[in-house]
Amino acid sequence: MFDFLKRDMGKVVNVNEMDNLIGSVELIDIREPYEYKSGTLKTAKNIPMGTLINAPENYLKKDKPYYIMCQSGGRSGRTCSILKKQGFDVVNVAGGVGSYVGAKKL
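A few points on the structure. (Residues numbered from 1 in each chain as written. Predicted model: local features only at pLDDT ≥ 70, side-chain atom pairs only at ≥ 80, totals over all residues. Heavy atoms only, no water.)

The secondary structure content of the chain amounts to 4 helices and 5 strands. Walking the chain from its N terminus toward its C terminus, one meets helices and strands in the order β-β-α-β-α-β-α-β-α. The globule rule puts the C-alpha radius of gyration for 106 residues at 13 Å, and the 13 Å found for the chain is close to it. Counting over 106 residues, the chain shows a buried share of 39%. At a minimum sequence separation of 6, the contacts of the chain that also span at least 24 residues come to 64%. Counting only carbon and sulfur atoms, one obtains 52% of the accessible surface of the chain, whose full area is about 6,200 Å². (Helix = DSSP H or I, 4+ residues; strand = E, 2+ residues; numbered from the N terminus. Rg over C-alpha atoms; globule rule 2.2 N^0.38 Å. Buried < 20%, exposed > 50% of the residue type's maximum accessible area, 1.4 Å probe, protein only. Contact = heavy atoms within 4.5 Å. Areas by Shrake-Rupley, 256 points an atom, 1.4 Å probe, with all protein chains shown as cover.)

This is the structure we're talking about:
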């Protein structure tokens with residue numbers, strides 16, 4: 001009866017659990033360039049959401065995991081859902097840059 005509530009959220013990691021992963025995973029910040037320039041996590045590559053969704057095959061390989069983040073986790077969640085349906089291995093970085101309290105921010 002409530003199957004509509006059982007959304008597949010996919011893989012998720014909280015942004016404040018990222019410190020030990022930074023440098024060993026592909027981290028993609030999907031915010032717009034002006035947002036990215038205001039601060040991101042070390043090693044994060046900026047590929048805006050629209051750019052990534054419109055041509056993921058230009059940036060991602062299906063046999064490699066990618067960690068996707070934004071400002072608060074909303075855009076990255078939507079992006080991960082879209083990319084997962086296309087066969088990509090993606091992890092949503094919940095909380096986003098705005099919630100990060102660690103020492104690996106640029």
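Structure's up, so let's keep going.
Each regular strand displays side chains that alternate between the two surfaces of the sheet. In terms of burial, strand S4 (residues 65-69) is largely enclosed, as 4 of its 5 residues are buried. Bridge count for strand S2 (residues 26-29) against S4 is 4 bridges, and the pairing is parallel. Looking at the pairing, Asp-29 lines up with Met-69 of S4. As paired strands, S4 and strand S5 (residues 89-94) are joined by 4 bridges and run parallel to one another. From the neighbouring strand, Pro-65 faces S5, where its bridge partner is Asp-89. You can see the chain leave S4, run along helix H3 (residues 74-85) and come back into S5, and the turn it takes is right-handed. (Pairing = 2+ DSSP bridges. Right-handed = clockwise from strand over helix to strand, strands pointing away.)

Here we come to the nonpolar core. The biggest cluster of nonpolar side chains holds 14 residues, and the ones touching the most others in it are Val-13, Met-18, Leu-27, Leu-41, Tyr-67, Met-69 and Val-93. Of all the elements in the fold, those that place two or more residues in this core are S4 and S5. The residues touching Tyr-67, leaving out its near neighbours within four places in the chain, are Val-13, Met-18, Leu-21, Val-25, Glu-26, Leu-27, Ile-28, Val-91 and Val-93. Ile-47, Met-49, Leu-52 and Val-90 belong to the second-largest nonpolar core, a separate cluster that totals 13 residues. (Core = buried A, V, L, I, M, F, W, Y, C linked by side-chain atoms within 4.5 Å.)

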